[in-house]
Each structure stands twice: as C-alpha cells, then as structure tokens.
Amino acid sequence: MGIADDDRQTLQNTIRAIAPFSVIACLWVIISVLHAGKRANHVSHLQMYISISDSVMTCVWIAGTSLLRFPRICASVGYIYEFFANAASGWNLCVTVYCFVIALQGRKRADRWLPVFHIYSWGLPSVLVAGMGLAEAIQDKGDVVGDATTECWIGPIYVEYRIYFMHLFFWLHMGIIVSLYTFLAYRVKALQHELAEARVIVQIGPLLSHMSTNALTSAGTSSLSCSVPIASGIIQDERANCLGEEMEVFAMPLLKSTTKSQKRVSIATIDSVGKVSTNLAADKMNSRRESLTPRLVSITAETLNEVEDFAKSSQACESLKPQSNITPRGSTSSKPSAAPSDALRVVFKGILVATVFLISWTPSTIVRLMEMQRVDVPFWLYELMGVCYSLTGMLNALVFFTFLKKRET
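Residues numbered from 1 in each chain as written. Predicted model: local features only at pLDDT ≥ 70, side-chain atom pairs only at ≥ 80, totals over all residues. Heavy atoms only, no water.

Participant: How do you make sense of the overall build of the chain when you look at a structure like this?
Facilitator: Scanning the chain for helices and strands turns up eleven helices and five strands. Among the 409 residues that make up the chain, the fraction classed as buried is 49%. Across the chain, contacts joining residues at least 24 apart in sequence account for 75% of those joining residues at least 6 apart. Summed over its atoms, the accessible surface of the chain is roughly 19,900 Å², and 62% of this surface lies on carbon and sulfur atoms. (Helix = DSSP H or I, 4+ residues; strand = E, 2+ residues; numbered from the N terminus. Buried < 20%, exposed > 50% of the residue type's maximum accessible area, 1.4 Å probe, protein only. Contact = heavy atoms within 4.5 Å. Areas by Shrake-Rupley, 256 points an atom, 1.4 Å probe, with all protein chains shown as cover.)

Participant: Help me understand the pattern of salt bridges in this model?
Facilitator: Two side chains of opposite charge can pair, provided their charged atoms sit close to one another. As enumerated under the stated definition, the model contains four salt bridges in all. One salt bridge connects Arg 8 with Asp 147, and the closest N-O pair in it is separated by 3.0 Å. One end of the pair, Arg 8, is in helix H1 (residues 5-36); the other, Asp 147, is in strand S1 (residues 145-147), with 139 residues separating them in the sequence. According to the relative accessible area criterion, Arg 8 is buried, its value standing at 19%. Among the salt bridges present, the one from Arg 368 reaches Glu 371, with a minimum N-O distance of 3.0 Å. One end of the pair is Arg 368 and the other is Glu 371, both in helix H10 (residues 340-372) and three residues apart, which spans about a single turn. (Salt bridge = Lys/Arg side-chain N within 4 Å of Asp/Glu carboxyl O.)

Participant: Explain helix H5 (residues 114-139) here, please?
Facilitator: Because each turn of an α-helix spans 3.6 residues, side chains separated by three or four positions in sequence point in the same direction. Here H5 is 26 residues long and its end C-alpha atoms lie 38 Å apart, about the 38 Å a rise of 1.5 Å per residue gives. For H5, the set of buried residues is Leu 114, Phe 117, Ser 121, Leu 124, Pro 125, Leu 128, Val 129, Met 132, Ala 135 and Glu 136. (Expected span 1.5 Å × (residues − 1).)

Participant: It is not clear to me how the packing of H1 against helix H2 (residues 42-63) should be interpreted in this structure. Could you clarify?
Facilitator: Helix packing for two helices is described by the angle between their axes and how far apart those axes are. With their axes 8 Å apart at the nearest point, H1 and H2 run at an angle of 155 degrees to one another. Overall, the two elements H1 and H2 adopt an arrangement that is roughly antiparallel. Crossing geometry of H1 relative to H2 is assigned as left-handed. Broken down by class, the residue content of the contact of H1 with H2 amounts to 15 nonpolar, eight polar and two charged. (Axes fitted to C-alpha atoms, helices over the stretch in contact; angles between N-to-C directions. Parallel < 35°, antiparallel > 145°, perpendicular 65-115°, else oblique. Left-handed = near helix turned anticlockwise from the far one by under 90°. Nonpolar A, V, L, I, M, F, W, Y, C, P; charged D, E, K, R; others polar.)

Participant: Would you mind showing me how to read the state of the cysteines here?
Facilitator: By the definition in use, this model includes one disulfide. Here Cys 74 connects covalently by a disulfide to Cys 152, the sulfurs 2.2 Å from one another. A torsion of -115 degrees about the S-S bond marks the disulfide between Cys 74 and Cys 152 as left-handed. Remark: Cys 152 occurs in strand S2 (residues 152-154) and Cys 74 occurs in helix H3 (residues 71-105); sequence separation between them is 78 residues. Since its relative accessible area comes to 0%, Cys 152 is described here as buried. (Disulfide = S-S within 2.5 Å.)

Put into structure tokens, the structure is as follows:
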C-alpha cells in the first residue's frame, strides 16, 4: 500500500512544474489589493487572505517530502500547513457569507461581519493546530507530522486525523456554502415574481384613470346615481349597466386592495376613480419596495429601472416619485448600500470562488478517505490531486483579475 518511489517523484515533478505559477499569481493578487488600498472592495480583501493561505500551502507542496530528512523543520512546516489550509477553507466560507448578506441586506450590514470573519478564519485553524498537538500527546504513538505523500503534514500513523482535522471542516464549510447559495437562488425566484406583480400594479394606475374618463363621457355622469365598489382587487359597477358597456372592462382582478373592507366611490365623484386607483397602486408599490429592496438589492435592478422609466414618462404616476424609494439614475442614494449591478457581480464572484475551492479539494478528499480506509489509491488519482493542488492559487487569481478588469471597464 502507498505510492511507489518512482510515482512519488513523478507526482512531485508535476507539482513543481505548475505550483510556482500559482505562487506568482497569489503574490500578484496580494500586491494588487495592497496597492489599491481602500479602493479595493471587501471581497477583494477576502480573496487576498485566501491568496495568502494558498501561497503558503503551495510553497509546502513545492518543498514536498524532501523535508523529511529534517524532522524538526518538517514538523514546523506540517503545523504551518495545517493552519493555512484551514484558514483558506474558513475564508472561502466567509466570502460566501459576505456575498449572501450583501444580497439580502446590503453592503453596510455585510461590512459589520468583517471582524467576525477574522476571528473565525484565523481562530479555527489555531484551535485545530492546538488539537493536533494535544492529540499527539494523548495518543503517544510518535510524531503526528510525517510523510503525507505530497507534503510534510499528518503522517501515516495518524492517517484518520487528516479527515478529522482538515477535510471534515472543508466539507462542513462547503455544505454551508451550497446551502446559502441554494437559499439565495430560491429567494431570487420568489422576489422576481413579486416584483413583476408590483410593476403591473404601478403601470395599471394611469390606464384606470384614462378608462374611467372615457366611461364617464359615454355614460353621462350627471344623471347617474349608482356607486362603484373597489374590493378584493376588483373594480366593477354595482348596478347593471349603470355606466354602460365600457365599465365592464373594469370587472377584472387587476389590483390587490390593501384592506379587506370595501371602498365605494360615488358616481358624483366617479371621475376620481383613476386617481384613487393610482394612489392604491402607489401604496402597494411603496409597501412592496420597502419590504423587498433591503432583502435583495442585486436582483431588483432591471425591474426597478423599468418602473423608474415608467414613472418618469407617465404624468399619472407623478405622485409616486416623492414617496418612492427608487433612486433615479445619475443621482446618489441617501442609503449607503451596494449598487444593484455591483451586488450582483459580488454574488457571482463569490460563487466562482466557492467553485475554485470545490475543484481544488475534491480529489484530495477522495484520496485521504481511501488512505484512511487502507484502500490502494490509483496513481492517476494522486496525479489529479497534485494538479488540483497546484492550480488552486492560479484559479483564485483568475477570478480576482477577471472581475477587476470588468470593474475597471
């Protein structure tokens, strides 16, 4: 069982051929974020911490098992590797949580989580490193750090610790990441449907105003004494043919009333039907905007722009504009939150960062599980693990600079 010496050398050569480029890419990300300073957004800073962790791990992979000849150095490197591998896992989770909070509550609320991210992402690895040392003292079976095939890390005597002190937390984090993005996708779908309904409500106000005017002209308002109820989203005449055939158009479920009680409009003031309808639409839209905008600013961009354009072009909706929370294009919002397009970009960037994390660590988890079960691992799986290890820093840098370029353009 284990890997043959020739295969080990081939695996080491593969890692050493690719990994230096990952180190350069990680350093490039770190320098770029530090150079940008406050101009770099917080997701970029979180990616910088991932790059710091990736660069340390990649250097350990480049050194490989050659450090086994120096037991003390190998032990130190093994603990360092344990710390930064779990730190990278923690920062990947923090990127997802940050993007999730931005999408639902805005950037200002997400920024409050930054101190918690530092405590968790540096604190958890410290606890796990201390746990490794404590487990070694309790078990008393020898040094916990030894030959881990591709690096100095947890040796074959404590092979199960590779799962307990690293990969278990990797996949706990991945489960949380997938759950958060799944929930976010569900909320996106639900809120898009609600916003579509809200847009219809705003657009129907002027139509009702215009149609009520035509209905009054044809029916002759001076000789009518019936009333029109507005209830449960239906505008209809109470007495048959009281406004003529044109009022039959109003017997449709176009608006949802904000109260359950029926509202009657006297025929003497029937010319105000359009105005009342528009006000009801305004109230409905305002309540929808107040509840939806703080929860998912990134998804409302397209829909809100359409509503804004309609409100600008329609005189009947002029009363909506002072009450609306919609910020016109070209103006600044009094609420310090992320722009919709920026928030959407941040969420998509977080998804790609999580995808890189998944690609990098899936093969190694399979290998470590097989080693724990004392199952022979095929060499091609070791090679795949080495390639994915080596590409980690480059893939993270690729995500960083791709979105940096988009932001500049």
